[in-house]
Structure formats: C-alpha cells, structure tokens
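Take a look at the letters that make up each chain.
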Amino acid sequence: MWQNIGRFILKYRLPILITLAALTAFMGFHASKVQLSYDFSRAIPLNNPKYKVYQEFRKTFGEDGNLLVLGIQTDKFFTEKIFNNYTSLQQKLKQQFGVDDIISIPSAVNLVKVPETEKLKADTIFADRKLTQTELDSAANKFLNLPFYRKLLYNPETNAWLMGIRIKKELMGKKIRINIVNNISKLADEFGKANNLTVYKSGLPHIRTQLTVKSVSEMRLFIIASIILSAIILLLFFRSLTAMWLSLGVVAIGVIWSFATIKLLGYQISILNALVPPLMVVIGIPNCIYFLNKYHTSYNETGDKKSALINMVARMGVVTLFCNLAAAIGFGVFALTQSQILKEFGIVAGINIFALFFISLALIPAVLSYVKAPRSRHTRYLHNPTLNRWLDRLERWTLNHRKTIFIATAIIVVVSIGGILKLRSLGRIVDDLPKQYKIYTDLRWFENNFKVVMPLEIIVDTKEKRGATRNYQNLVRIDSLCQYLNAMPAIGKPLSITDGLKFAKQAFFEGDSNNYNLPSEFDLPALSQYLNFRGNNESSKNSFAKLAGSFLDSSKQKVRISVSMKDVGTKRLPFIIDSISQKVNSLFPKDKYDVQLTGTSVTFAEGNRYIIHGLKDSIFWAFVLIAFCMLYLFRSARILACSLIPNIIPLLITAGLMGWIGIPLKPSTVLVFSVALGIAIDITIRFLVNYKQELPQHNFDTRQTVISTIHHTGISIIYTSLVLIAGFIIFCLSGFGGTKSLGWLTSLTLVVATFTNLVLLPALLMLLSNKKK
C-alpha cells in the first residue's frame, strides 16, 4: 500500500504541491487574524459549583480582579514635596482612559457630625490642592486617627503606603488593557524617579498584563531560536541547503497551520497554547530527518532517485504515521480533561502534530523529485565513524552484558520510586516566575506589608430583605467572623459593612478613635442610614461611598466580607479555607443562613486541583491509547511489553529525580510526562518497525536482526533525539518556571529514553526471543 502511495505522490506531485500551497495560503489568512488572550483561561469547567458561585458573586458585587495597586515605603510620606507629588500622581491617574476609580490617602474622607442636624456627612481630609507643611500636618493627624484606613491604605509598622486603582471591568479582557496598565506604570515610575522612591506595582490587572506580554515575546523567541537551531543542525547533518530549506519549509507550514487552527477553533493565544507553534518546529524536524535519512540510504543502495523516493515512502510512511499519531496522542489527551486551558492546548497541539505527517508525506517526496540526486557529501553522515563506534559499543552491551543492563535498570527504578514517594503537589499564583523578577518581588512586598495578593470573598445571605442592616445579631456574627479573619496570620485586614458602621460611630462621638467599634443595638438605627450609599448619587461620588456601597446587594439581604490573603500555595490554602468554613458554620447555622466562600483564591485552588487531576488522568489515557496503537501496529503482546518498558522507565527516572531534588508536582511539571511519553515512543516505533521489517531478511534470527536494526536506525535515532533534546532545551530560556521545567525535564526524559531504546529495548528483545525458544 505504501509503495502505491509513493508512486501516487510522484505521479501527481504538481497538483499535490499546488493543493498544499492553496491550503497553506488559506491557513495563512486565518493565522493573520489570530488574537491574543488578555485574560486568564478558565481552569475549571463552567458547570463547576464553585465557578457558578464566583460568577454569581461577580454579577452581584462586581469584579474582584480589576484592582491594580501601587505602593511606596518611606517615613517622609507626609512631607510637603512627597505628599503633593503623590496627590498629583493620583490626579494624573484619574484622567487616564480606563481608570474607573482610585482609593488612596489624598482622596480619603472622614465622616463628620453636623451639630445643627446631628447628621453625618463625608468630608475630604486633604484639600484638593497643594498643601503647606502646616496644613499637611493637621490633616495627617486627622487621617492617622482613623482606624478604618489602618492596614488598608497604610501600614504604620513598616511605613508602607498603598494606592488602589480600579480598572473598568469591561476593558479587562481587551487588548487596550495593556496600554492602560503600561500608562499607569509609566506615571508611577516617573513619580518614583522624581522622589527617589521605589514604586511597587501589583494586582491582577498588572500581573495578567505582564504575563501576557511576556508569553507573546517568548513565543516569538522560541519560534526564531528553534528555526535557527534546526537550520544549523540540518546543515551539520546533511551538508545540503536543499535538505535544510525543505525541512524548514515543512515546519514553517506547520507553524502557519497551528496559528490558523487556534483562530478557526475560536480560541486565542494563551500562555499555554503559545507553545504549540515552536513545538511544530521541534517535532516537525525529526519527520524530515527520518524521511531524508531513508531516502539517502535507499539511494546509496539503488542509485536510482525515483526508486529511492518510493522506498522512502514505503518504509517510512507507516513509521512516521504512527510516530506522529503517538505524539499527537501524548498532547491530545489533554483535551479529555475538564480544564479549558488544557483542552485548548491538547486539541490544537494534537491536530497539528498529526497534520505534520501529511505535510511531510506530501511535501518531501514531491519536492525531492524535482531537485538533483544527493551527492556523496550529502550522505557522508551515514558513515560517521564516531557514531558508528558508539553503535558498536551499544551492540556489545546488548549482546554481552544483558544481565548488567537489567540489574542496573532495576536499581535505578528502585531509587526512582523512592524519589516518587517524596513528590508533593504545590502551586502558587506566580511561582512560575523567577524570584528576581520585579513582578515577583513587588508582589512579595505587598504580601509582607498588606497581605494583598489573592482576593477571598465571603458572601453571607441572611435570607431576609434588609437582614444585613436591620438585624443586629447578623451584624454581630459578621463582626465576629471579621475579627477571626483578622487574627489569622496569612490574611489581611477584612472589610465589611461593620467597618463602615464602626467608622460612623467614631464620627458620631466626635471622632474619638476609642469609639471605633461596633455600635450597640440602640445606636444602630441612628447610624445605619449613613451607609445607605447604593442609589445615592451625591454620596456615590466619593471613593469611600463606592467602597462601602459594594458590600451590600440592592436588597440588603446579602453582605460581602472582602479580604486578601498571602500566596500561601495550594498545599496550605485548603486548610485555611477549611478553617474559615468551620468558623462560618459555627457562627451562621445553615438553616438560617447561606454562606459561600469565593473569589480568585478559591477558584485558583479549585482550578489547580482540576489541572493536576486532569494531567494525571491524561497520562493514564496516553498510555492506554498508545498501547492500543502499538498492539495494532505489531499484533504482539510481547512486542507491546518491549515497547512500553523502555518508555515507562524514563518517566519514572524523571519523576524520581523531581522527588529527590524537591521539584513539586504542579501543572507545569505534570505536563511533562504525557508530552515526553508521546514523543519518546517515536524512537521505539522506529526501532521496532525496522526490526519487524528486517526480521524475515535474517531468517527470523533475533540476534542478527537486532544488530542490523541498531546500525540501520541508530544514527537517525541519535540525530533526531539530538534535535528534539536541543529543541526542548530552548524552552529553558523562558522566564516562566513552568516552561523552563517543560524544557529541561522533557529533555532529560528524552535523553534517558534514547538510551533505554538503544540499550534496554534490544536486550529485552533478545531475552524474550530466548524464552520463546
């Protein structure tokens, strides 16, 4: 069949090339329309209960992830120069497109009792103009006497000062967000430079923007670097510009098709599927090397170009088909997970890796039929004396030292299992970034000074209209929960409607900070009216009113307790949330209240759990599906066992090494195993198919067939393994820890897989053959 396919390709080479060019032009048009994703991809399914609660929260109370924060640290904040410049910065930021609101010290308000009416009104503490030092000292004393703002806008213990900038939520998922965040950063840096201060920047808008921009720049870097590296390796191997340009043409078409696939499926370029285009280069080049290697070998044997091309397709067509199918399965199984980001990656990668087979099959023989036959210098690599000496050594090891190979393998597996038992799961919101990156150090600064990293929201449904303001016991329960949260070391200052009532009580008693506590049941009716900010246009003009109004729904039945917490990691986070849940259950009986914990911290923990479990499941399915492919290809349980063992061991060694050196299991590291399995199995398929094809030629003598297979496939296996290893090593240039882990862990797995397939696999074939006799 494959010989007929080879003849068909050569007979209709021109229509095939024209069709391929037309398809690539079509794909190129759609590739030019692909867009970037400016939001975090969904890690949990849409029907997940926690995801539904989070969406309901956003619908009722607004976005919890659109606050960008700026921070400075100085003991001279209330000096004339710095404070006036800080006020000027706030005014400039307010004028920026996309800025919805700013809460900071210059715009802070105080509740003041009007003696004539005994009512409270909101007055600004700092006049909206340049202040003299005397005016500033007076206003600062008033501000510092208000406990409401302590640990919210400043930390008196560390002289840290915070400004919160809320981005319009409708712009958060659009490209313009990058310009908004960049403009804010530019103004902040100018302020820092003028005042000789370091300005710290964080918040989800800032983090998301930085990650998006960096992922796009790295995608371009990886594509360019992988193409240049592949071109160099191809030139060194084949000493032929034709072979180099033909191979680069194959991967260039693959890259174009991968971008087009993202667009045609309605996806956008995310941090994860941005890896697919450079992967097309890394995985596509081995296809070209195997086809060219078989073409050169056949041409040396026959001296006829047409026969060599037909033999190339006949011998390598089925091999490359199953190799690409196995690699596509290794990536495609991610589509079986319930994580949206993994689904998109798996679908795009799986489709395009399989498409690479058809691109290679159509383009390589058709183009080679038009160019001149290879010269002797183009096939000199087939007789590389250094590699042939190594292959001779591998042959001797396999034939004469099988017992040593098996004992060494067993010892390594036992040690690896010991490391696997030490593996632990852990994920943090920015743990994939190097510790020296400013985005990381800035986030840690906010964590240490304000504990504002991951938003946690608690929604208390009192199940009665106005139950959040008129039922005093509800307020007592809410305040008790807030005090419990405030005592937790990993959680920042909680905010709720009770803080507003405390602020009002302090104002009602002439601003005495000793009265900053929850009003009594007798005081409540007189004070609650001052926090009725929803629907009050006059009061909603100031930031305090907007802040206080965001803690109640329109019916005042639901109340929101908003806190931020440290990035404690997915190991500690469930225990903290469970501790809060237990306190909630003790304060709010389930028959009278409905309390939900939500926010980015909860969805992050749930999303991380889904990804880890999804990746573990994907490894299982990759093994099952690849095993079925191997069983179909070789129709032998013995060969199936021989094929899987040399590929399981590299995965065990990699997992064991991770355990011994303390690399945690997280989405970026679990990803390695099914990817490496899908790619490493290619080596096994190529070796075993050649073994099966040559077995009749050696009268079914296993020993002679193994020797011949090592020498016939060894050079191409080593060359393609070098290309794959070098291609994945490129990912180690990444600034993302996850991408870097994907690079070096996959490279390590492929190094071990190359060795096990050239040493352990032949030894297993010899062992099974002896038992069969």
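Predicted, not measured: the structure shown is a model, and the values here were computed from it.

Peer 1: Just checking my understanding: could you explain the overall build of the protein chain for this structure?
Peer 2: In terms of regular secondary structure, the protein chain is built from 25 helices and ten strands. In terms of overall dimensions, the protein chain has a C-alpha envelope of 110 × 50 × 45 Å along the principal axes. Partitioning the contacts of the protein chain with sequence separation of at least 6, the portion at a separation of at least 24 is 79%. Surface exposure of the protein chain reaches about 32,700 Å², of which carbon and sulfur atoms provide 57%. Treating the 88 positive side-chain charges of the protein chain as one cloud and the 48 negative ones as another, the clouds have centres 13 Å apart.

Peer 1: I tried to follow the pairing of strand 1 (residues 67-73) on my own but got confused; where do I start?
Peer 2: The side chains of a regular strand alternate, residue by residue, between the two faces of the sheet. Most of strand 1 sits out of view: five of its seven residues are buried. Bridge count between strand 1 and strand 6 (residues 160-167): seven bridges; the pairing is antiparallel. Paired with Gly71 across the two strands is Leu162, which belongs to strand 6.

Peer 1: Is there a simple way to think about the sheet that holds strand 10 (residues 594-598) in this case?
Peer 2: With respect to topology, three strands assemble into an open sheet ordered 9-8-10, the strand pairing being antiparallel. Looking at which strands have only one partner, the edges of the open sheet turn out to be strand 9 (558-565) and strand 10. Across the sheet, the mean angle from the axis of one strand to that of its neighbour is 15°, orientation sign disregarded. Most of the contacts of helix 16 (residues 472-486) go to strand 9, to which it runs at about 5°, and overall it touches strand 8 (454-461) and strand 9. Sheet contacts for helix 20 (residues 573-587): strand 8, strand 9 and strand 10; angle to strand 10, the most-contacted strand, approximately 165°.

Peer 1: Looking at this structure, I do not really get the packing of helix 12 (residues 385-400) against helix 24 (residues 702-729). What am I missing?
Peer 2: Working note: a packed helix pair is described by the angle between its axes plus the distance between those axes. Interaxial distance between helix 12 and helix 24 falls to 10 Å at its minimum, and their mutual angle equals 140°. Here helix 12 is positioned oblique relative to helix 24, judged by the angle of their axes. In this structure, the crossing between helix 12 and helix 24 has a hand that is right-handed. For the pair formed by helix 12 and helix 24, the contact residues are Leu387, Asn388, Leu391, Asp392, Glu395, Thr398 and Leu399 on the first element and Arg703, Val706, Ile707, Ile710, His711, Gly714, Ile715, Ile718 and Tyr719 on the second.

Peer 1: Whenever I open this one, the nonpolar core confuses me. Can you help?
Peer 2: One recurring pattern in soluble globular proteins: nonpolar side chains tend to sit buried together. The biggest cluster of nonpolar side chains holds 158 residues, and the ones touching the most others in it are Phe331, Phe345, Leu671, Ile685 and Leu765. With sequence-adjacent residues up to four places away left out, Ile685 is seen in contact with Val319, Phe322, Cys323, Ala326, Met630, Leu633 and Phe634.

Peer 1: Help me out: how do you make sense of unusual backbone geometry in this one?
Peer 2: Residues apart from glycine generally show negative phi values, whereas peptide bonds are mostly found in trans. Even without being a glycine, Lys151 presents a positive backbone phi close to 65°. Relative to the elements of secondary structure, Lys151 occurs in the loop between helix 5 (133-144) and strand 5 (154-155). By relative accessible area, Lys151 is classed as partly exposed at 34%. With a phi angle near 60°, Arg466 is a residue other than glycine that sits in the positive phi range.

Peer 1: Would you mind showing me how to read the packing of aromatic side chains here?
Peer 2: Note on aromatic pairs: each is described by the distance of the centres and the angle between the planes. Throughout the structure, instances matching the rule amount to 34 aromatic pairs. Ring centres of Phe77 and Phe83 lie 5.6 Å apart, and the angle between their planes is 85°; on these two criteria the pair is classed as edge-to-face. One exposure class covers both Phe77 and Phe83, and it is buried. Counting every residue linked through ring pairs, the aromatic cluster contains Phe77, Phe78, Phe83, Tyr86, Phe126, Phe143, Phe148, Tyr149, Tyr154, Trp161, Phe191 and Phe503. Geometry around Tyr370 places Arg13 over its ring, the cationic atom sitting 4.0 Å from the centre. The ring of Phe148 carries the charged tip of Lys493 above its face, separated from the ring centre by 5.7 Å.

Peer 1: Would you take a moment to explain helix 24 for this structure?
Peer 2: Every α-helix carries 3.6 residues per turn, so stepping three or four residues along brings you back to the same face. Most pronounced at Thr713, the bend in helix 24 amounts to some 45°. Among the 28 residues of helix 24, 22 are classified as buried, and the element is accordingly described as predominantly covered. In this structure Asp701 caps helix 24, since a side-chain oxygen of it lies 3.0 Å from the backbone nitrogen of Arg703.

Peer 1: Would you mind going over the environment of Thr749 with me for this structure?
Peer 2: Considering the arrangement of structural elements, one finds Thr749 in helix 25 (residues 737-772). Since its relative accessible area comes to 1%, Thr749 is described here as buried. Along the primary structure Thr749 and Ile725 are separated by 24 residues, whereas in three dimensions their C-alpha atoms are 9.1 Å apart. In contact with Thr749, other than residues within four places in its own chain, are Pro650, Leu651, Thr654, Val672 and Ala676. At 2.8 Å, the side chain of Thr749 forms a polar contact with the side chain of Thr654.

Peer 1: In this structure, what is going on with the state of the cysteines? I would like to understand it.
Peer 2: Cysteine pairs can be covalently joined through their sulfur atoms, and such a bond is termed a disulfide. Taken as a whole, this structure holds zero disulfides when the rule is applied. Here Cys323 stays unpaired: no disulfide links it, and the sulfur of Cys629, its closest cysteine neighbor, is 11 Å away. Note on Cys323: relative accessible area 0%, which makes it buried.

Peer 1: I tried to follow a nonpolar patch on the surface on my own but got confused; where do I start?
Peer 2: A surface patch of nonpolar side chains, amounting to about 560 Å² of accessible area, comprises Ile407, Ile411, Val415, Leu657, Trp660 and Ile661. Elements with a contribution of two residues or more to the nonpolar patch: helix 13 (402-420) and helix 22 (637-661). Following the sequence through the fold, Ile411 ends up in helix 13. Note on Ile411: relative accessible area 51%, which makes it exposed.

Peer 1: Can you walk me through the confidence of the model for the protein chain in this structure?
Peer 2: Detailed reading of the predicted coordinates is not advisable wherever pLDDT is low. Averaged over all residues, the pLDDT of the protein chain is 83; the fraction at 70 or higher stands at 92%. Below pLDDT 50 for its whole length, residues 533-541 participates in 16 contacts with residues either more than four positions away or in separate chains.

Peer 1: Please clarify how the pattern of salt bridges should be interpreted in this entry.
Peer 2: Using the criterion set out here, one finds seven salt bridges in the structure. In this structure, the salt-bridge partner of Glu135 is Arg129, at a minimum N-O distance of 2.9 Å. For the salt bridge of Asp189 with Lys201, the shortest nitrogen-to-oxygen distance reads 2.8 Å. Pair noted here: Asp189 is in helix 6 (residues 176-195) and Lys201 is in strand 7 (residues 200-202), with a separation of twelve residues, a long-range link.

Peer 1: Got a minute to help me understand empty space enclosed by the protein in this structure?
Peer 2: Over the atoms a probe the size of a water molecule is rolled, and this reveals where empty space is left. Using the criterion set out here, one finds eight cavities of 30 Å³ or more in the structure. What the largest cavity holds in volume is close to 110 Å³. Along its surface, the largest cavity is lined by Tyr290, Asn293, Lys294, Arg315, Met316, Val319, Arg686, Asn690, Gln693, His712, Thr713 and Ser716. Its residues assigned to classes, the lining of the largest cavity shows three nonpolar, six polar and three charged. Taken as a whole, the second largest cavity holds about 90 Å³ of empty space.

Peer 1: Teacher, can you tell me more about the side chain of Asp499 here?
Peer 2: Tracing the backbone shows Asp499 in helix 17 (residues 497-508). Of the buried charged residues, Asp499 lacks a salt bridge, with Lys502 as the closest side chain of opposite charge at 4.8 Å. Here Asp499 is in contact with Phe148, Pro494 and Tyr516, once residues within four sequence places are set aside.

Peer 1: For this particular structure, what's the right way to read helix 3 (residues 49-61)?
Peer 2: When the terminal C-alpha atoms of helix 3 are compared, their 18 Å separation across 13 residues agrees well with the 18 Å that a helix rising 1.5 Å per residue should span. Of the positions making up helix 3, those classed as buried are Tyr51, Tyr54, Phe57 and Phe61. Angularly, the buried residues of helix 3 cover 120° about the axis, an arc narrow enough to put them on a single face. Relative to its buried face, helix 3 has exposed residues pointing more than 90 degrees away, namely Pro49 and Lys59. On its buried face, helix 3 sits against strand 8, strand 9, strand 10 and helix 21 (600-634).

Rules used in this analysis
- Residues numbered from 1 in each chain as written.
- Predicted model: local features only at pLDDT ≥ 70, side-chain atom pairs only at ≥ 80, totals over all residues.
- Heavy atoms only, no water.
- Helix = DSSP H or I, 4+ residues; strand = E, 2+ residues; numbered from the N terminus.
- Contact = heavy atoms within 4.5 Å.
- Areas by Shrake-Rupley, 256 points an atom, 1.4 Å probe, with all protein chains shown as cover.
- Lys, Arg positive; Asp, Glu negative; His and termini not counted.
- Charge placed at Lys NZ, Arg CZ, Asp CG, Glu CD.
- Buried < 20%, exposed > 50% of the residue type's maximum accessible area, 1.4 Å probe, protein only.
- Pairing = 2+ DSSP bridges.
- Axes fitted to C-alpha atoms, helices over the stretch in contact; angles between N-to-C directions.
- Parallel < 35°, antiparallel > 145°, perpendicular 65-115°, else oblique.
- Left-handed = near helix turned anticlockwise from the far one by under 90°.
- Core = buried A, V, L, I, M, F, W, Y, C linked by side-chain atoms within 4.5 Å.
- Phe/Tyr/Trp six-rings, centres within 6.5 Å; stacked < 30°, edge-to-face > 60°.
- Lys NZ or Arg CZ within 6 Å of the ring centre and 35° of its normal.
- Bend = angle between axes of the 7 residues up to and from the residue.
- Polar contact = N/O pair within 3.5 Å; in protein donor to acceptor, adjacent residues only side chain to side chain.
- Disulfide = S-S within 2.5 Å.
- Patch = residues over 30% accessible without salt bridge, like charges linked within 9 Å, V, L, I, M, F, W, Y side chains within 5 Å.
- Salt bridge = Lys/Arg side-chain N within 4 Å of Asp/Glu carboxyl O.
- pLDDT = per-residue confidence, 0-100.
- 1 Å grid on protein atoms, 1.4 Å probe; cavity = no way out; pocket = protein on both sides within 12 Å on 5 of 7 lines; lining within 4 Å.
- Points joined across faces, edges and corners; volume = space filled by probe spheres on them.
- Nonpolar A, V, L, I, M, F, W, Y, C, P; charged D, E, K, R; others polar.
- Expected span 1.5 Å × (residues − 1).
- Arc of directions from axis to C-beta.

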